[in-house]
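Geometric and topological summary
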Amino acid sequence: MYSVKESKHDLRVKERCFEQREALPGEPRCVICGRYGEYICDQTDDDICSVECKTALLARIAAETKIPVKAPARVKVPFGDESFCVRDNNFPDIPSLHASQIASLRNKLDICVKGEAIPDPIMCFSSCGLPEKLVHNLDAAGYTMPTPVQMQVIPASISNRSLLVSADTGSGKTASFLVPIIAHCSRRELQQSESKRGPLAIVLAPTRELCLQVEDQAKVLGKGLPFKTALVVGGDPLAQQIYRIENGVELIVGTPGRLIDLLMKHNVDLTDVSVFVLDEVDCLLERGFRDQAMQIFRALSCPQVMMFSATIHPEIEKLSNSLLNNMIHISCGNPGKPNKSVRQVVIWVESKQKKQKIFEIIKSKQHFKPPAVVFVSSRVGADLLSEAITAATGLEVISIHGEKTMKERRERLRRFLTGEVSVVVCTGVLGRGMDLVKVHQVILFDMPNSIDEYIHQVGRASRMGKEGVAIVFVNEEDRKLFGELAQVLKTAGAPIPRELSNSKFTSSVSLGTDRKRKLSSRAHS
Ligand SMILES: Nc1ncnc2c1ncn2[C@@H]1O[C@H](COP(=O)(O)OP(=O)(O)OP(=O)(O)O)[C@@H](O)[C@H]1O
């Protein structure tokens, strides 16, 4: 079946991928998971680490008869040092793990779960009967292996359970809800006639930019499948959005206000909507958005609800428990804290000195690491600061905020993402959810209003565990956040400016206790 290449110390063939050690430099690597390629798969001559990965390899080859089989590069799993392959319905010959083993794997992956009968995490995207084309699209997008949040959320979602998911910024939450949505939508197409094509899923997000990004990603992952999307955000002509929906779409991605507007003015049939996602749920359930989000929820008939954020408070848990039955709570990594991969550099700068300070940073070859995002607290401030930086440094700097037209916002974001301009000054519109992959530096020129927004803005400096830096200006005006900020810095081992630690607004808060936002229980299954 397979040859044992090197097994002097342990003659037992490794059944499972996680039993295998990491490969040392120069050693063969498993073509599936990148661990030590201890064996050779006879059928392919590829290096593999275990029976499990051999089965995965053969299944992949069988599934990809039309697609040339390539040996994937070593998979980099960003959180924790290991990736695990657990149970896969496609590979019945692999013995399933006991509940205690699953619990231990979740522990190692930093996945916490709460709820009844929680499905096991999956090992790869070809599990759970996802359409072949979707698996191919994931692979083509470079998603060789699911991230921990995807490992747990995808099977839980496919089992039709409502979910409340908290996971670090940049950990892959978007695909964790898009993959099951696309799989679900593709299934409907097979069963229903072309003439009946009301939407099947709605994703709500708080900003237009985030909706654009989610819709773009949905299109990439759903390419070639019978899966159409509609973007419903303010600033774009409503008539076009209605036309698109009337012509049949599977997924609507939108902001709450525009979606309500559309639903009130037009008769959109929501009967078939069975999946409702609230991305950045804590923001969507805050005053301002909550009524609109609830109005949309009530217009649906018992949908599966999936809620996501890097910052979920107990009140959100309480609210969701009161609205939904038999929910699963999933927490991955260290939600409720700034991403560990971002170095936080907090500097005490008096308000009058802030501009001078940012000019110095941007002029400094040592400190300026473009492309960079600068966060400010007001729209006027964004315009003024972008102009001032241009005047002082000669760099072209653009601003993005809610007062710009949608056309301008799109165009400016495009110029920033394509590298045409290297600095963007913005309000919170880019603070949450935005996947600014090339950005490794953010500057919080103004502290945001809450420590949660701080966590999200800092998170723009790192995706998938890449290292980044957040430079943060603070002064006495931010005193209401001193306690929480000092605690967050202490937990991260980041230096705390003397003025901040000596402030009476900081000292009233104990720096000894960690912010506890994780689910209280680990792996109940
Ligand atoms: N399985 C995967 N393999 C490789 N890259 C992935 C995978 N899943 C997601 N990514 C990439 O990781 C990055 C972060 O993903 P995503 O934007 O979904 O994070 P997030 O958890 O929603 O973050 P945030 O809380 O900041 O919104 C994206 O660039 C995405 O393309």
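Just so we're clear, the structure is a prediction, and the values are computed from it rather than from any experiment.

1. Some remarks on the site of the ligand
Around the ligand, a shell composed of 21 residues is seen, among which Tyr-143, Gly-170, Lys-173, Thr-174 and Asp-435 lie nearest. Measuring from an oxygen atom of the ligand, one finds a side-chain N or O atom of Tyr-143 at 2.6 Å. In the model, an oxygen atom of the ligand is placed 2.7 Å from a nitrogen or oxygen of the Asp-435 side chain. Here the ligand loses 91% of its free accessible area of 640 Å² to cover by the protein chains.

2. Details of the packing of helix 6 (residues 208-221) against helix 14 (residues 406-417)
For the pair helix 6 and helix 14, the least separation of the axes is 11 Å and the interaxial angle reads 60°. Relative to helix 14, the element helix 6 lies oblique. Considering only the axes of helix 6 and helix 14, their crossing is right-handed. The segment helix 6 lies against helix 14, with Arg-208, Glu-209 and Leu-212 engaging Met-406, Arg-409, Arg-410 and Leu-413. Residues of the contact of helix 6 with helix 14, tallied by class, amount to three nonpolar, no polar and four charged.

3. Quick word on the UniProt feature "domain: Helicase C-terminal" (unreviewed entry) in the chain
Under the present numbering, the feature "domain: Helicase C-terminal" (unreviewed entry) in UniProt falls on residues 341-504. Each end of residues 341-504 is marked by a C-alpha atom, and these two atoms are 30 Å apart; helix forms 38% of the span and strand 18%.

4. What about the nonpolar core?
Of all hydrophobic cores here, the largest spans 86 residues; its most connected members are Ile-181, Ile-330 and Tyr-454. In terms of residue count, the dominant contributor to this core is helix 5 (residues 173-191) (eight residues). Ignoring anything within four residues of it in the chain, the contact list for Tyr-454 reads Pro-338, Gln-344, Val-346, Leu-444, Met-447, Pro-448, Val-472, Leu-485, Val-488 and Leu-489. Counting residues in each nonpolar core, the second largest holds 32 residues, with Ile-245, Val-249, Val-268 and Met-307 among its members.

5. What to know about the sheet that holds strand 11 (residues 328-332)
Strand order in the open sheet made by the eight strands is 4-11-5-10-9-6-8-7, with mixed pairing throughout. Looking at the sheet topology across the chains shown, the edges are occupied by strand 4 (111-114) and strand 7 (229-232). The average angle at which neighbouring strand axes cross in this sheet is 15°, direction not considered. Where helix 11 (residues 314-323) meets the sheet, it contacts strand 4, strand 5 (163-167), strand 10 (304-309) and strand 11, and its direction lies at approximately 160° from that of strand 5.

6. Some words on the environment of Asp-282
Examined against the element boundaries, Asp-282 turns out to sit in helix 9 (residues 281-284). Given the relative accessible area of 5%, Asp-282 is considered buried. In sequence terms Asp-282 and Ala-310 are 28 residues apart; their C-alpha atoms lie 9.0 Å from each other. With residues up to four places along the chain from it excluded, the contact list for Asp-282 reads Ser-309, Thr-311, Ile-316, Arg-432, Asp-452 and His-456. One polar contact links Asp-282 to Arg-432, side chain to side chain, over a distance of 2.9 Å.

7. A look at the domain arrangement of the chain
Segmentation of the chain into domains returns domain 1 (17-62), domain 2 (110-188 + 197-332) and domain 3 (342-502). Taking only C-alpha atoms into account, the centre of domain 2 sits 28 Å from that of domain 3. Counting residues at the interface gives 21 residues for domain 2, matched by 19 residues for domain 3. Contact with domain 3 buries surface across domain 2, with Thr-169, Gly-170 and Glu-209 losing the most and accounting together for 32% of the total. Inspection of the domain 2/domain 3 interface yields four salt bridges.

8. Here we look at helix 10 (residues 290-298)
The complete set of buried residues in helix 10 reads Ala-293, Met-294, Ile-296 and Phe-297. Relative to the axis of helix 10, the buried residues are bounded by an arc of 160° and lie together on one face. Within helix 10, the exposed residues directed more than 90 degrees away from the buried face are Asp-291 and Arg-298. For helix 10, the elements touching its buried residues are strand 6 (201-204), helix 8 (256-265), strand 9 (275-279), helix 9, strand 10 and helix 11.

9. Re the packing of helix 8 against helix 10
Running from N to C, helix 8 and helix 10 cross one another at 45°; their axes reach a closest spacing of 9 Å. Between helix 8 and helix 10, the crossing angle belongs to the class labelled oblique. Pair helix 8 / helix 10 crosses with left-handed handedness. On helix 10, the residues touching Pro-256, Gly-257, Leu-259, Ile-260, Leu-263 and Met-264 of helix 8 are Gln-292, Gln-295 and Ile-296. Across the contact of helix 8 with helix 10, the residue classes tally to six nonpolar, three polar and no charged.

10. Considerations on a negative patch on the surface
Taken together, the side chains of Glu-350, Glu-476, Glu-477 and Glu-499 present a region of like negative charge at the surface. Tracing the sequence through the fold places Glu-499 in helix 17 (residues 498-502). By relative accessible area, Glu-499 is classed as partly exposed at 31%.

11. Brief notes about the packing of aromatic side chains
What the rule picks out here adds up to five aromatic pairs. Ring plane angle 70° and centroid distance 6.4 Å describe the contact between Phe-482 and Phe-505, whose orientation is recorded as edge-to-face. Residue Phe-482 is found in helix 16 (residues 482-492), and its partner Phe-505 is found in helix 18 (residues 504-507); the two are separated by 23 residues along the sequence. Take Phe-482: its relative accessible area is 1%, and that puts it in the buried class. With a relative accessible area of 29%, Phe-505 lands in the partly exposed category. Put simply, the rings of Trp-348, Phe-482 and Phe-505 touch in pairs and so form one group of aromatic residues. Against the face of Phe-445 rests Lys-354, its NZ or CZ located 5.3 Å from the ring centre.

Cut-offs applied
- Residues numbered from 1 in each chain as written.
- Predicted model: local features only at pLDDT ≥ 70, side-chain atom pairs only at ≥ 80, totals over all residues.
- Heavy atoms only, no water.
- Near = heavy atom within 4 Å.
- Polar contact = N/O pair within 3.5 Å; in protein donor to acceptor, adjacent residues only side chain to side chain.
- Areas by Shrake-Rupley, 256 points an atom, 1.4 Å probe, with all protein chains shown as cover.
- Axes fitted to C-alpha atoms, helices over the stretch in contact; angles between N-to-C directions.
- Helix = DSSP H or I, 4+ residues; strand = E, 2+ residues; numbered from the N terminus.
- Parallel < 35°, antiparallel > 145°, perpendicular 65-115°, else oblique.
- Left-handed = near helix turned anticlockwise from the far one by under 90°.
- Contact = heavy atoms within 4.5 Å.
- Nonpolar A, V, L, I, M, F, W, Y, C, P; charged D, E, K, R; others polar.
- UniProt positions renumbered as here; feature names shortened; annotations may be inferred.
- Core = buried A, V, L, I, M, F, W, Y, C linked by side-chain atoms within 4.5 Å.
- Buried < 20%, exposed > 50% of the residue type's maximum accessible area, 1.4 Å probe, protein only.
- Pairing = 2+ DSSP bridges.
- Domains from an automatic or database assignment.
- Buried area = accessible area lost by both parts, 1.4 Å probe.
- Salt bridge = Lys/Arg side-chain N within 4 Å of Asp/Glu carboxyl O.
- Arc of directions from axis to C-beta.
- Patch = residues over 30% accessible without salt bridge, like charges linked within 9 Å, V, L, I, M, F, W, Y side chains within 5 Å.
- Lys, Arg positive; Asp, Glu negative; His and termini not counted.
- Charge placed at Lys NZ, Arg CZ, Asp CG, Glu CD.
- Phe/Tyr/Trp six-rings, centres within 6.5 Å; stacked < 30°, edge-to-face > 60°.
- Lys NZ or Arg CZ within 6 Å of the ring centre and 35° of its normal.

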